[in-house]
Amino acid sequence: MSEHGLHHVTAFSGPTARTVDFYTRVLGLRLVKKTVNFDDPGTYHLYFGDEAGTPGTILTFFPIAHAAPGRVGIGQVSETAFRVPKVSIGAWTHRFVAMNVAHDAPVTVFGETVLRFRDPDGMPLALVGVEGAEAEPAWAVDDIAPEQAIRGFHGVTLLLREAGPTAAILTGVLGLKEVGTEGSAVRLKGDAAFGGFVTIRAVGDFLPGRQGAGSVHHIAFRAADDAAQEAMGQALRRDHGLDVTEQRDRQYFRSIYFREPGGVLFEIATDAPGFSVDEPTEALGTALKLPPFLEPHRGRIEAVLPKVA
């Protein structure tokens, strides 16, 4: 059985090299897969996560050098949060100061210490201090101690007009449960160790979001296998009247997509086969990997892609 929670989050960014530098050098994530957008193979699709690209740790980007900036608004993810040991929040604050990373003072949200910051494209991010997370395995780089390193996702926050219809999808189909409210925010939680939280911030009529650099394109939830995914898709159609795509093979997982009632694009992705299907774990992210249908076009694809440091 799959755990219930996030599989991955996919966003737009600006220049490729800047994106790789920030997420690997500044945040200490591993580049676990260097491939292309299967629907637009002239654009990279970069996957960052833990050592193996475990579901619930994976943040992916479509980097576009001259992309216009996005705008957070209704129908969008307004914050993507990572899970770190609670004892490391002070060290991360000092690191952000030293590396000129835009950030806010730590605050308490739902009883947890949250350090909000932004990437070079202005994407709203956060580190959430979790008691005892230092005992969990971590991918650590030279200047980020293991007891400080990011463990995976904590969760995402959705900015919506109203909470009810989206919460019904999250609880009735995707396996989360409501665990609390704080002001206009409703928090739901799955049983996944990483990426278990979704917070809905209901704000009524507000400026709609605009996709661009620094904005999230979609969020993906976990399914144990094809059968579990198919059952979720049937429930979405039958019980909620939603249009759900056919299954699409994304090489490292298989996906279906739908637009939830609040306007956010949701994906349901299978846990299998994972990122070691086409290169060993120790070599993840070192070579450009293409699906079989694009391999005959490798020369043309490599000619238009920017270099990745």
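Residues numbered from 1 in each chain as written. Predicted model: local features only at pLDDT ≥ 70, side-chain atom pairs only at ≥ 80, totals over all residues. Heavy atoms only, no water.

### Topic: the overall build of the protein
What counts here: Numbering of helices and strands starts at the N terminus; helices are DSSP runs of H or I of at least 4 residues and strands are runs of E of at least 2. Per-residue accessibility, obtained with a 1.4 Å probe over protein chains only, is compared with the maximum for each type, and a residue is labelled buried under 20%, exposed over 50%, and partly exposed between these values. Contacts are assigned to residue pairs that have any heavy atoms within 4.5 Å of one another. Accessibility throughout is a Shrake-Rupley quantity obtained with a 1.4 Å probe, and a residue counts as covered only by protein chains that appear here.
Of the regular secondary structure elements, the protein holds 5 helices and 16 strands. With the C-alpha coordinates of the protein rotated into their principal frame, the extents come out at 50 × 50 × 40 Å. For the protein, with 309 residues in total, the buried portion stands at 54%. If you take every contact in the protein between residues at least 6 apart in sequence, the share linking residues at least 24 apart comes to 66%. Here the protein has roughly 12,800 Å² of accessible surface; of this, 53% comes from carbon and sulfur atoms.

### A look at the sheet that holds strand S15 (residues 254-259)
Applied cut-off: What makes two strands pair is DSSP finding at least two bridges between them. Axis geometry follows a simple rule: fit a line to the C-alpha atoms, using only the stretch in contact for helices, then measure angles between N-to-C directions, giving values from 0 to 180 degrees.
Taken together, 8 strands build an open sheet; the order of strands is S2-S3-S4-S1-S13-S16-S15-S14 and the sheet is mixed. With one partner strand each, in any of the chains shown, strand S2 (30-37) and strand S14 (248-249) form the two edges of the open sheet. The strands touched by helix H1 (residues 16-26) are strand S1 (6-13), S2, strand S3 (40-49) and strand S4 (58-63); relative to S3, the strand with the most contacts, the crossing angle is about 10°.

### Some words on a nonpolar patch on the surface
We apply this condition: Like charges are joined within 9 Å and nonpolar side chains (Val, Leu, Ile, Met, Phe, Trp, Tyr) within 5 Å, but only among residues with over 30% relative accessible area and no salt bridge; these make up the patches. Take a side-chain nitrogen of Lys or Arg and a carboxyl oxygen of Asp or Glu: if they are within 4 Å of each other, that pair is a salt bridge.
Residues Val 203, Phe 206 and Leu 207 make up a contiguous nonpolar surface patch of roughly 270 Å² in combined accessible area. Residue placement: Phe 206 occurs in the loop between strand S12 (197-202) and strand S13 (216-223). You can call Phe 206 partly exposed: its relative accessible area is 47%.

### Quick notes on the pairing of strand S7 (residues 112-118)
Direction of pairing for strand S6 (residues 107-109) relative to S7: antiparallel, over a ladder of 3 bridges. Each residue of the ladder has a partner; that of Thr 108, found in S7, is Thr 113. Bridge count between S7 and strand S8 (residues 124-130): 5 bridges; the pairing is antiparallel. Each residue of the ladder has a partner; that of Arg 118, found in S8, is Pro 124. Where S7 folds back on S8, the antiparallel hairpin that results is connected by 5 residues, among which Gly 122 adopts a positive phi of roughly 85°.

### Let's talk about the pattern of salt bridges
One pass over the structure, following the stated rule, counts 19 salt bridges. A salt bridge links Asp 21 to Arg 25; the nearest nitrogen and oxygen atoms lie 2.7 Å apart. Remark: Arg 25 and Asp 21 occur in helix H1; sequence separation between them is 4 residues, near one turn of the helix. Judged by its relative accessible area of 31%, Asp 21 falls in the partly exposed class. With its nearest N and O atoms 2.5 Å apart, the salt bridge here joins Arg 298 to Glu 295. For Arg 298, a relative accessible area of 22% gives the class partly exposed. Using a relative accessible area of 35% as the deciding quantity, one classes Glu 295 as partly exposed. Overlapping salt bridges, with partners in common, bring together Glu 3, Arg 222 and Asp 271 in one network.

### Focus on the sheet that holds strand S9 (residues 152-160)
Judged by pairing direction, the sheet is mixed, and its 8 strands sit side by side in the order S6-S7-S8-S5-S9-S12-S11-S10 without closing on themselves. With partners counted over all chains shown, the strands left at the sheet margins are S6 and strand S10 (177-182), one partner each. Pairwise comparison of adjacent strand axes, ignoring direction, gives a mean angle of 30° for this sheet. Each of strand S5 (76-85), S7 and S8 touches helix H2 (residues 89-98); the most contacted strand, S7, lies at about 15° to it.

### Thoughts on the side chain of Asp 121
Our working rule: N or O atoms closer than or at 3.5 Å make up a polar contact, with two conditions inside protein: a donor-capable atom paired with an acceptor-capable one, and, for residues adjacent in sequence, both atoms drawn from side chains.
The residue Asp 121 is located in the loop between S7 and S8 in this model. Looking at Asp 121, the relative accessible area reads 18%, which means it is buried. At a separation of 2.9 Å, a polar atom in the side chain of Asp 121 contacts the main-chain amide nitrogen of Gly 14. A polar atom in the side chain of Asp 121 sits 2.5 Å from the side chain of Arg 18. Apart from the residues within four sequence positions on either side, Asp 121 is in contact with Ser 13, Gly 14, Arg 18, Ala 213 and Gly 214.

### Thoughts on the nonpolar core
Filter applied, for reference: We define the nonpolar core as a collection of buried residues of types Ala, Val, Leu, Ile, Met, Phe, Trp, Tyr and Cys that are connected through side-chain atoms lying within 4.5 Å of one another.
Membership of the largest hydrophobic core comes to 67 residues, with the highest contact counts inside it found for Tyr 23, Leu 27, Leu 127, Leu 174 and Ile 219. Apart from the residues lying within four places of it in its own chain, the contact partners of Leu 174 are His 4, Ile 169, Phe 221, Met 232, Phe 266 and Ile 268. If you look at the next biggest cluster of nonpolar residues, it comprises 9 residues, including Val 32, Ile 58, Phe 253 and Leu 284.

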